[in-house]
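Here's the letter readout for the chains.
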Amino acid sequence: MGRNSRYDILFEPVKIGPVTAPNRFYCTPHALGTGNQMPHTRAAMREVRAEGGWGVINTGYCSIHPSSDDSPLPNARLWDDEDIKVHALMTEAVHRHGSLAGVELWHGGGGTGNRMTRMPPMSASGIAGESTYSGWINLNKSRPMDKQDIRNFRRWHVDAAKRAKAAGFDIVYIYSGMNFGPYQFLLPWVNRRTDEYGGSLENRVRLTREIIEEMKEAIGDTCAIALRFSTEDLLKIPGENMETEAHEIVSMLSDLPDLWDLKSSSWVVETASARFSEQGAQEPLVSFAKALTSKPVVGVGRFTSPDAMVSQVKRGILDLVGAARPSIADPFLPNKIDEGREDEIRECIGCNICVSGYHDCVPVRCTQNPTMGEEWRRGWHPERIAAGDSDKSILIVGAGPAGLECARAMGERGFAVTLAEAREELGGRVTIESKLPGLATWTRVRDYRTNRIQSMGNVDIYRDNALSAQDVLDFECDHAVIATGATWTTDILAPNGYPSTELTGENIYTPDDVLSGATLEGPVVIYDFDHYYMGNGLAEVLRSKGLDVTLVTNASAVSAWTFMNNELAEIRSRMIELGVRTELECTVSAFANGKVELTSIYRDKTVRSIDCASLVVVGTRKPNDALYQELLAMPDRLKEAGIADVRSIGDCHAPGAIVHAVYSGHECARTIDSGSDTESILRERPLI
Ligand code: ADP
Ligand code: SF4
């Protein structure tokens, strides 16, 4: 099928200074969790998107000098000529597919900690950008830059730009945004200088201007110089001659950079999850710019719909449609649009598991795309998978994210697949949990897979079919895969992870009970030591029914893990807005006579009581592995039935987040015929 002409505009080339992007699909700089330590992994993670049709592929933030070190977070670097070759791996890979390669040169200024290099961070006036951000407290505050520092700062940019050119990059960024280096000079409350780099807007912009000019002079004949600029803070400052200082800066620098990459001022806003923001939510941060420059403008907005992309271009908001998450979830999104296969796009669900991968300092993981980060070390491709023996039959029991992904990928491999699901509805936990407030996009995990399966002639789905061990034996398949999920328990663990209180009796509920419609009486206490979305999601549901809700947790913050996926602040605000009371750093030690007893995690004897008619425990889940265990216990009968092996996958194997279930289903599909459930995994090793 050919491309819908409605989308032709997305495939127009765009001139960016001395280079030309083949289309408008622009993979913006974003951290991958690889740094320079994993150059092959990084190159493969970028290459797959060039192969999938993204016209421009950028690195994540790439430090230009040891005085800008974000360790332990994995950032790229171009500190000296030795660093060139690890980047050349990526540029060569991107060029193989006709795309442009860009590098986001970065100096963190006072917005980074230099934990590894131990050099004092430096900033415009000695105000450390991140000193009040409790997430990554840095005890090493910044020092004010003197004139020599500023000269060095400019030179480091130029030196790194020359290395970038040598590495084969086509687009080289200067990063004047998000609390980093030159951006700190732009902000009047951070820049308190009285020399020619402080005071008037012209003075505050001077450093950014000088760096662009000097980089252009050094490499601008063959490389485009892009400016990444955060508008959010400056849009709030009224300008002298124009509406705001953001307008004035774009107008002052106008056609000096070859490309404007515009964004918010915070990593949390930039990566707002689908629960808290819509597709295209960043438009107000970007929409003013095109009137003030003739150079191409790029911005992001978690765009997965080609119609939304076209609208951005046609309405004159963007020239290049920027994407990080949509390109992670579907590296082949542009090619699918080009080939009229929009319905095959694996749409990002906006869950931000990818963000948590970077915070975990590992290659980013994706709920929708289990191959992300596995391209090099396991040789997994998002669109290609080795053919299997079509005579082999596979029975998969359970159609949650694990079973569906396993069936989809096994189907692509050509096996004769049967998927049996106990319920009428497919999707397992995704179907249930997507009904929590704001999580409707999560149904995409189910819908992408069921759509793909429906187009295959070799996968049969049986709904409303709860299988017993005898049913599995009677089926006489070659391989049986059990994906029967997990069940929440009311077990309460102590903060050290050991089982502690055992609560029994009436009015104690699990999330499964609440989600399947149990009627709870208020006041409700939710004891959350799962620390992710379930505790606060149920609080929101129960509050909307008018119940009085208190969220108790043993952590120091509500939904503490969500710091990792950048949702914590939004969740906390939502709880405040809804009037959900919170009790931090406590465990629930008893529940009787309309009261729960809370014990401080610090001093066992500090005990308080609060009113509670219903207690919801959001803590642990146990695998639904009875069927799996029953089958394992009958090796002779399995042999008689011709079943070579039985595997458990997803939550039935090990309860986790949806990302783990999808990965497990995919891994099983790749390895079912290899005799082992893990293949050899490559490792990047330091060269001694
Ligand atoms: P996962 O996240 O591992 O995919 P889920 O809990 O989302 O797990 O999905 C498990 C699915 O398995 C559910 O849809 C459930 O209805 C189904 N299921 C559980 N037991 C059986 C069974 N015996 N036969 C068929 N389906 C089952
Ligand atoms: Fe989108 Fe979630 Fe994948 Fe990130 S992990 S790209 S937010 S689906």
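Small disclaimer: the values here were computed from a predicted structure and weren't measured. (Residues numbered from 1 in each chain as written. Chains lettered and ligands numbered in written order. Predicted model: local features only at pLDDT ≥ 70, side-chain atom pairs only at ≥ 80, totals over all residues. Heavy atoms only, no water.)

### Quick word on the pattern of salt bridges
Applied cut-off: Criterion for a salt bridge: a side-chain nitrogen of Lys or Arg within 4 Å of a carboxyl oxygen of Asp or Glu. Partly exposed residues are those whose accessible area sits between 20% and 50% of the maximum for their type, while under 20% is buried and over 50% is exposed, using a 1.4 Å probe and protein chains only.
A full pass over the atoms with the stated rule returns 51 salt bridges. Ionic pairing is found between Lys 336 and Asp 330, a salt bridge with its closest N-O pair at 2.8 Å. Overall, the relative accessible area of 0% leaves Asp 330 in the buried class. Two residues, Arg 581 and Asp 548, come together in a salt bridge whose shortest N-O distance is 2.7 Å.

### Focus: the site of ligand 2
Cut-off, in case you're wondering: What makes a residue near a molecule or strand is one non-hydrogen atom of that residue sitting within 4 Å of it. In DSSP terms, a helix is any run of H or I states spanning at least four residues, a strand is any run of E spanning at least two, and both are numbered starting from the N terminus.
In the neighbourhood of ligand 2, 14 residues make up the surrounding shell, with Cys 348, Cys 351, Asn 352, Cys 354 and Cys 366 lying closest. Contributions of two or more residues to the shell around ligand 2 are made by α10 (325–329) and α12 (353–359). With three residues, the single largest contributor to the shell around ligand 2 is α10.

### A look at the environment of Pro 623
What counts here: Only heavy atoms enter the contact rule, under which two residues are in contact if any of them lie within 4.5 Å.
Relative to the elements of secondary structure, Pro 623 occurs in strand β27 (residues 621–623). Sequence spacing of Pro 623 and Val 94 is 529 residues, and the spatial spacing of their C-alpha atoms is 42 Å. Not counting chain neighbours up to four residues away, the residues in contact with Pro 623 comprise Gly 485, Ala 486, Asp 651, Cys 652 and Pro 655.

### Some remarks on the domain arrangement of the protein
Where the parts come together, the accessible area they lose is often given as the size of the interface. Short version of the rule: The source of the domain bounds is an automatic or database domain assignment. Joining two parts hides part of their accessible area as seen by a 1.4 Å probe, and the buried area is that hidden amount summed over both.
When its domains are assigned, the protein resolves into domain 1 (5–350), domain 2 (393–485 + 624–671) and domain 3 (488–621). Summarising the inter-unit geometry, the C-alpha centres of domain 2 and domain 3 are found 31 Å apart. Contact with domain 2, which involves 12 residues of that partner, is made by nine residues of domain 3. Summing both partners gives a buried area of about 840 Å² for domain 2 against domain 3, and 68% of it is carried by carbon and sulfur. At the boundary of domain 2 with domain 3, the tally comes to one salt bridge. Residue Arg 621 is joined to Asp 651 by a salt bridge in which the shortest nitrogen-to-oxygen separation is 3.0 Å. In terms of residue count, helix α14 (residues 429–433) provides more of the side of domain 2 that touches domain 3 than any other element does, three residues in total.

### As for helix α22 (residues 658–671)
Applicable threshold: Multiply 1.5 Å by the residue count of a helix minus one, and that product is the helix's expected span.
Over its 14 residues, α22 runs 20 Å from end to end, which matches the ideal 20 Å to within 8%, given 1.5 Å per residue. In terms of residue burial, α22 counts as a mostly covered element, since 12 of its 14 residues are buried. Along α22, the positions that sit buried rather than exposed are Ile 658, Val 659, Ala 661, Val 662, Ser 664, Gly 665, His 666, Glu 667, Cys 668, Ala 669, Arg 670 and Thr 671.

### As for the nonpolar core
Here is a general trend for soluble globular proteins: nonpolar side chains tend to be buried in one another's company. Inclusion rule: As used here, the term nonpolar core means buried Ala, Val, Leu, Ile, Met, Phe, Trp, Tyr and Cys residues forming a set that is joined through side-chain atoms within 4.5 Å.
Leu 10, Leu 105, Val 172, Met 215, Phe 229 and Leu 234 are the most contacted members of the largest nonpolar core, which totals 77 residues. In terms of residue count, helix α3 (residues 147–167) provides more of this core than any other element does, eight residues in total. Grouped together as the second largest cluster of nonpolar side chains are 35 residues, Leu 436, Leu 439, Ile 526 and Leu 547 included.

### Let's talk about the site of ligand 1
The condition that has to hold: N or O atoms closer than or at 3.5 Å make up a polar contact, with two conditions inside protein: a donor-capable atom paired with an acceptor-capable one, and, for residues adjacent in sequence, both atoms drawn from side chains. Every accessible area reported is derived by Shrake-Rupley at a probe size of 1.4 Å, with residue values counting cover from the shown protein chains alone. Each residue receives one of three labels: charged for Asp, Glu, Lys and Arg, nonpolar for Ala, Val, Leu, Ile, Met, Phe, Trp, Tyr, Cys and Pro, and polar for the others, Gly being one of them.
Ala 402, Glu 421, Arg 429, Leu 467 and Asp 651 are the nearest of the 21 residues found near ligand 1. Here Pro 401 contributes a backbone N or O atom positioned 3.1 Å from an oxygen atom of ligand 1. In isolation ligand 1 has 580 Å² of accessible area, and contact with the protein removes 89% of it. Residue composition of the shell around ligand 1, by class: 10 nonpolar, seven polar and four charged.

### Thoughts on unusual backbone geometry
The residue after Ser 71, namely Pro 72, is reached through a cis peptide bond having omega 5 degrees. Tracing the backbone shows Pro 72 in the loop between β4 (56–63) and β5 (76–77). The amide bond that connects Gly 522 to the next residue, Pro 523, takes the cis arrangement and shows omega of -5 degrees. Along the chain, Pro 523 falls in the loop between α17 (511–515) and β20 (524–528).

### Some words on the side chain of Asp 261
Here Asp 261 lies in strand β11 (residues 259–263). For Asp 261, a relative accessible area of 1% gives the class buried. There is a polar contact of 2.6 Å between the side chain of Asp 261 and the side chain of Tyr 173. Residues contacting Asp 261, with those up to four places away along its chain left out, are Tyr 26, Thr 28, Pro 29, Tyr 173, Leu 227, Arg 228, Phe 229 and Val 298.

### Notes on the packing of helix α13 (residues 401–413) against helix α15 (residues 443–454)
Two numbers describe a pair of packed helices, the interaxial angle and the distance between the axes. Selection rule: The angle between two axes is taken between their N-to-C directions and runs from 0 to 180 degrees, where each axis is a line fitted to C-alpha atoms and a helix contributes only its stretch in contact. Here the word oblique covers every angle except those under 35 degrees (roughly parallel), over 145 (roughly antiparallel) and from 65 to 115 (roughly perpendicular). For a crossing to be left-handed, the near helix must be turned anticlockwise from the far one by less than a right angle; the clockwise case is right-handed.
Contact geometry for α13 and α15: axes closest at 9 Å, N-to-C directions at 30 degrees. As judged from the angle between their axes, α13 and α15 are roughly parallel. Like other packed secondary-structure pairs, α13 and α15 cross with a definite hand, here left-handed. Where α13 approaches α15, its residues Pro 401, Leu 404, Glu 405, Ala 407, Arg 408 and Glu 412 are matched on the opposing element by Val 445, Arg 446, Tyr 448, Arg 449, Thr 450, Arg 452 and Ile 453. Grouping the amino acids of the contact of α13 with α15 by side-chain chemistry returns six nonpolar, one polar and six charged.

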